[in-house]
Amino acid sequence: MFELIKNLGAWLVGGEQWAGSDGIAHRLAEHLQYSLLATLIAAAIGLPLGLLIGHTGKGAFVAINLTSFGRALPTVGLVVLVFLAGGLSMLPVYVALVALAVPAIVTNTYAGMTAVDADVKDAARGQGMRAHQVLLQVELPLALPLIMTGLRLALIQVVATATIAAYVSFGGLGRYVFDGLAQRDLVQVLGGAVLVAVVAVALDLLLSGLQRFLFLPHSRIRSSGGPSPALPRTPR
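Cut-offs applied
- Residues numbered from 1 in each chain as written.
- Predicted model: local features only at pLDDT ≥ 70, side-chain atom pairs only at ≥ 80, totals over all residues.
- Heavy atoms only, no water.
- Core = buried A, V, L, I, M, F, W, Y, C linked by side-chain atoms within 4.5 Å.
- Buried < 20%, exposed > 50% of the residue type's maximum accessible area, 1.4 Å probe, protein only.
- Helix = DSSP H or I, 4+ residues; strand = E, 2+ residues; numbered from the N terminus.
- Contact = heavy atoms within 4.5 Å.
- Phe/Tyr/Trp six-rings, centres within 6.5 Å; stacked < 30°, edge-to-face > 60°.

### Section: the nonpolar core
Ranked by size, the top nonpolar core spans 24 residues in total, and within it Ala38, Ala42, Val93, Leu97 and Ile164 carry the most contacts. For this core, the secondary structure elements donating two or more residues are helix H2 (24-56), helix H4 (75-86), helix H5 (91-114) and helix H7 (131-161). In contact with alanine 38, other than residues within four places in its own chain, are Tyr94, Leu97, Val98 and Val158. Counting residues in hydrophobic clusters, the runner-up holds 15 residues, among them Leu12, Tyr176, Ala200 and Leu207.

### A word on the packing of aromatic side chains
A full pass over the atoms with the stated rule returns three aromatic pairs. Relative to tyrosine 176, the ring of tryptophan 11 lies with its centre 5.1 Å away and its plane at 90°, an arrangement referred to as edge-to-face. Separated by 165 residues along the polypeptide, tryptophan 11 in helix H1 (residues 2-13) and tyrosine 176 in helix H8 (residues 174-183) bring together distant segments of the chain. Classification of tryptophan 11 by relative accessible area gives buried; the value is 13%.

Written as structure tokens, this is what we have:
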């Protein structure tokens, strides 16, 4: 075990391991590209859907059950299915990653919207705000903490699963896992797994810190019993 850890450390810090198109730096850039693009596409789909369901109250059954769907989704099976239908391209990978990320975004966005106090929404309507103004100026700002949590969860899931790009002969950090398995190189397999875990943890910490930074002033105001910001007045 000690020898394995020693070899793993040497593999991770070796200068030759970081250079070239097969180097860690290049594979890391590919992995981040796959993960960030898939999460952005999922956010473009999931955020409007979650906001619509949470604002109107229609389709709540879909939002509630999407989490179970996301957990039960056979990611590799979906990649193979789209691969057989669409041929060799990154499309199967992106379809699988987006399908994995959308449920977390939709369910957390819906949860954030439904957590907004009904009295606050009624007060906004009483001041003459229209439906879209209530959504954008009242509900959305109050729901942002849970929405950010959904985006965090989606991104971390995608980062951890983006190794499947190597399953259909593309790049990313999963290349080390699949190539290591093919070559029976345990050090390379462990190196790829460690790198994916480090990237996932680093991104989670980064987004968690950003979330605390964005919402800390509001939490301090609430905890000190300070006045809540007044709703914007809209001419009738």
